[in-house]
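# What the coordinates show
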Amino acid sequence: MQRLRRLCVDSFVGRITVDTDALRHNAATFRGMTQAKICAVVKANGYGHGLVPASRAFVAAGVDYLGVAQLEEALELRQHIPGVPILTWIFDPSANLEEAVQSGLDISVGAPWALDRLLTAAQHCASPARLHIEVDTGMSRGGFAPEMLLEVAHRIAKAERDGIVDVIGLWSHLARADEPDSGETERQLDRFETATRALRDVGVHPRLRHLANTAGTLWHPRTHLDMVRPGIGLYGISPEPAVATAQDLGLQPAMTLSSRIIAVREVPAGTGISYGHTETAADALALGTVPLGYADGIPRAASSRGPVMVNGHRSRIMGRVCMDQVVIALPKGATIGDEVVFFGSEGPTVDEWADAAGTIGYEITTRLGRHVPRHYRGTVGL
Ligand SMILES: *Cc1c(COP(=O)(O)O)cnc(C)c1O
């Protein structure tokens, strides 16, 4: 079984290479940007880069906290990374919160049902639950509405006096930090201060107040507070390239996606290419087949646009992206077995792919299949 799995992975004809030195460089760059603690966000399998290796690289660079959305990811991470606090903020009413409390996770609660569950679970645990209170200051997604805060604040204050919870944090999430002039971030910060006062009035004093994602960290220093929670920037991708590219920000892309040419053909002008013949060869042309497709995470929306690099030459996808393959225009001399770089530190950028697919860089790296093998290079011990 083990042998079979290894064979499959080693012979898979696409690969993700992650440069752990770039991850570490980016974390160090954020370290130099703020006095606040840093919670490195490693949700969604470390934005596709690998949960545990990415976390190790960030910890090596001196981040203070790790943050994942799903409780399941937090439990997995806890087993591999001891000694660093782990914050988690998504679970449903069926979650085993006793296990979460006993594992020492920092657990966020942003709805009355979640507070009920956490208090019940914590009563059965030897040590208090490490609680972060989420307040909605403008995302309309998670967190207690400010009007609801007073009522829950009393319950939390009592639970803390009873030794059931330890209130570690108060936090919220920014909706428009990537638009530096929208004014919304300042309004959110005001609402956050109001929420802070409401809690203090009933004797709840969170030690870590945190609000900023990457864009907040970069473009709104007043949101740094006690801790920042950068995600995308740590992977060397800008949250909004129209404001500043990764290069402008001194961030290094960490992920390279590559594959190899497995078929070549010369076609005359007028030849239809891939499903639907949505594109035909304008001139006589060499085509190459590359075995990565939408089932691997190549966006079909990038049909006839997605950029690639072959032997140092830029080219692009021709016609529709298929489930497991794409067809590309071949530069002169390219042949079977040559490497095709979809994006990476050399080659097209994640942002070019996001443009080609009408999406954001976040979606390009996170949608890559877990089955695509990840290889790591760099000096951070994994
Ligand atoms: C994803 C996420 C972040 C990080 O956002 P980036 O834009 O990737 O920096 C921070 N906090 C929370 C709650 C998130 O869900």
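Residues numbered from 1 in each chain as written. Predicted model: local features only at pLDDT ≥ 70, side-chain atom pairs only at ≥ 80, totals over all residues. Heavy atoms only, no water.

### Quick notes on the environment of Ser103
As a reminder, the rule being used: Secondary structure follows DSSP: runs of H or I at least 4 residues long count as helices, runs of E at least 2 residues long count as strands, and numbering of each begins at the N terminus. Should any heavy atoms of two residues lie within 4.5 Å, those residues are counted as being in contact. Here a polar contact means two N or O atoms within 3.5 Å. Within protein one must be a hydrogen donor candidate and the other an acceptor candidate, and residues neighboring in sequence count only if both atoms are side-chain atoms.
Position of Ser103 among the secondary structure elements: in the loop between helix 6 (97–102) and strand 5 (106–109). In this structure the C-alpha to C-alpha distance between Ser103 and Arg222, which are 119 residues apart in sequence, comes to 33 Å. Here Ser103 is in contact with Leu75 and Arg78, once residues within four sequence places are set aside. A polar contact is formed between the side chain of Ser103 and the backbone oxygen of Glu99, at a distance of 2.7 Å.

### Observations regarding the sheet that holds strand 8 (residues 208–212)
Where we set the bar: Pairs of strands are assigned from DSSP output, requiring at least two bridges between the strands.
Spatially, eight strands are ordered 2-3-4-5-6-7-8-9 in a closed barrel, and the strand pairing comes out parallel. Here strand 7 (residues 165–171) pairs with strand 8 via three bridges, running parallel. Looking at the pairing, Gly169 lines up with Leu208 of strand 8.

### Thoughts on the site of the ligand
Put simply, the test is: Here a residue is considered near a molecule or strand provided that any single heavy atom belonging to it is located within 4 Å of it. Only the protein chains shown count as cover for residues, and all accessible areas are computed by the Shrake-Rupley method using a 1.4 Å probe.
Residues in close proximity to the ligand total 14 residues, the closest being Lys43, Tyr47, Thr214, Ile232 and Tyr362. In the environment of the ligand, an oxygen atom lies 2.9 Å from a nitrogen or oxygen atom belonging to the backbone of Gly231. Contact distances for the ligand include 2.6 Å between an oxygen atom and a side-chain N or O atom of Tyr362. Alone, the ligand offers 390 Å² of accessible surface; in the complex the protein occludes 95% of this.

### Considerations on unusual backbone geometry
Selection criterion: Residue exposure (1.4 Å probe, protein chains only): buried if accessible area is under 20% of the type maximum, exposed if over 50%, otherwise partly exposed.
Here the phi dihedral of Asn45 falls at roughly 55 degrees; this positive angle occurs in a residue that is not glycine. Secondary-structure assignment places Asn45 in helix 3 (residues 43–47). Judged by its relative accessible area of 13%, Asn45 falls in the buried class.

### What about the packing of aromatic side chains?
Filter applied, for reference: Side-chain rings of Phe, Tyr and Trp, where Trp is taken by its six-membered ring, are said to pair if the distance between their centres is within 6.5 Å; with planes under 30 degrees apart they count as stacked, over 60 as edge-to-face, and otherwise as tilted.
Using the criterion set out here, one finds six aromatic pairs in the structure. Geometrically, the ring pair formed by Phe58 and Tyr235 is edge-to-face, given 5.5 Å between the ring centres and 75 degrees between the ring planes. Of this pair, Phe58 sits in helix 4 (residues 51–60) while Tyr235 is found in the loop between strand 9 (227–228) and strand 10 (255–260), placing the two residues 177 residues apart along the sequence. Take Phe58 and Tyr235: they sit in the same class, and that class is buried. By the ring-pair criterion, three or more aromatic residues cluster together here, those being Tyr47, Phe58, Tyr235 and Tyr362.

### Looking at the domain arrangement of the protein chain
As a reminder of what qualifies: Start and end positions for the domains come from either an automated domain assignment or a database one. Joining two parts hides part of their accessible area as seen by a 1.4 Å probe, and the buried area is that hidden amount summed over both.
For the protein chain, the assigned domains read domain 1 (3–15 + 254–377) and domain 2 (33–235). For domain 1 and domain 2, the distance between their C-alpha centres works out to 38 Å. Counting residues at the interface gives eight residues for domain 1, matched by nine residues for domain 2. Counting each side, the surface lost to burial between domain 1 and domain 2 is near 840 Å², with a carbon and sulfur contribution of 60%.

### Here's the deal with the UniProt feature "binding site: substrate" (unreviewed entry) in the protein chain
Formally: UniProt positions are given in the numbering used here, feature names are shortened, and annotations may be inferred rather than shown by experiment.
As annotated in UniProt, the feature "binding site: substrate" (unreviewed entry) corresponds to Arg141 and Met323 in the numbering used here. For the annotated residues, spread through 183 residues, the largest C-alpha to C-alpha distance comes to 33.1 Å, inconsistent with a single compact locus. Within the secondary structure, Arg141 sits in the loop between strand 6 (129–134) and helix 8 (146–161). What Arg141 contacts, discounting residues up to four positions off in sequence, is Asp136 and His173. Relative to the assigned elements, Met323 resides in the loop between strand 16 (313–318) and strand 17 (326–329). Setting aside residues no more than four positions away along its own chain, Met323 makes contact with Gly293, Tyr294, Ala295 and Asp296.

### Looking at the sheet that holds strand 1 (residues 14–19)
Either a parallel or an antiparallel arrangement is found when strands of a sheet pair, and the pairing is made through backbone hydrogen bonds. To keep things clear, this is the line we draw: Angular values range over 0 to 180 degrees, each being the angle between N-to-C directions of two axes fitted as lines to C-alpha atoms, with helices fitted over their stretch in contact.
What the nine strands build is an open sheet, ordered 11-14-17-16-15-18-10-1-19; its pairing is mixed. The outermost strands of the open sheet, each flanked by one partner alone, are strand 11 (263–267) and strand 19 (374–377). Each strand of the sheet is rotated relative to its neighbour by a mean of 35 degrees, with strand direction disregarded. Relative to strand 17, strand 16 is paired through two bridges, and the arrangement is antiparallel. Paired with Met318 across the bridge in strand 17 is Val327.

### Re the pattern of salt bridges
For the record, the criterion: Put simply, a salt bridge is a Lys or Arg side-chain nitrogen that is within 4 Å of an Asp or Glu carboxyl oxygen.
On inspection of all chains with the given rule, the structure shows 14 salt bridges. Salt-bridge contacts for Arg130 lead to Asp106; the nearest nitrogen and oxygen are separated by 2.6 Å. On the criterion of sequence distance, the pair formed by Arg130 in strand 6 and Asp106 in strand 5 is long-range, its members being 24 residues apart. Overall, Asp106 belongs to the buried group, its relative accessible area being 0%. With a shortest N-O distance of 3.3 Å, Arg191 and Glu184 are connected by a salt bridge. Taking relative accessible area as the criterion, Arg191 reaches 33% and is therefore assigned partly exposed. Each of Glu184, Arg187 and Arg191 takes part in one network of salt bridges that share partners.

### So, the pairing of strand 8
Of all five residues in strand 8, five are buried, a share of seventy percent or more. Two elements, strand 8 and strand 9, share two bridges in a ladder whose sense is parallel. Residue Ala212 lies in a different strand from strand 9, and its bridge partner there is Val228.

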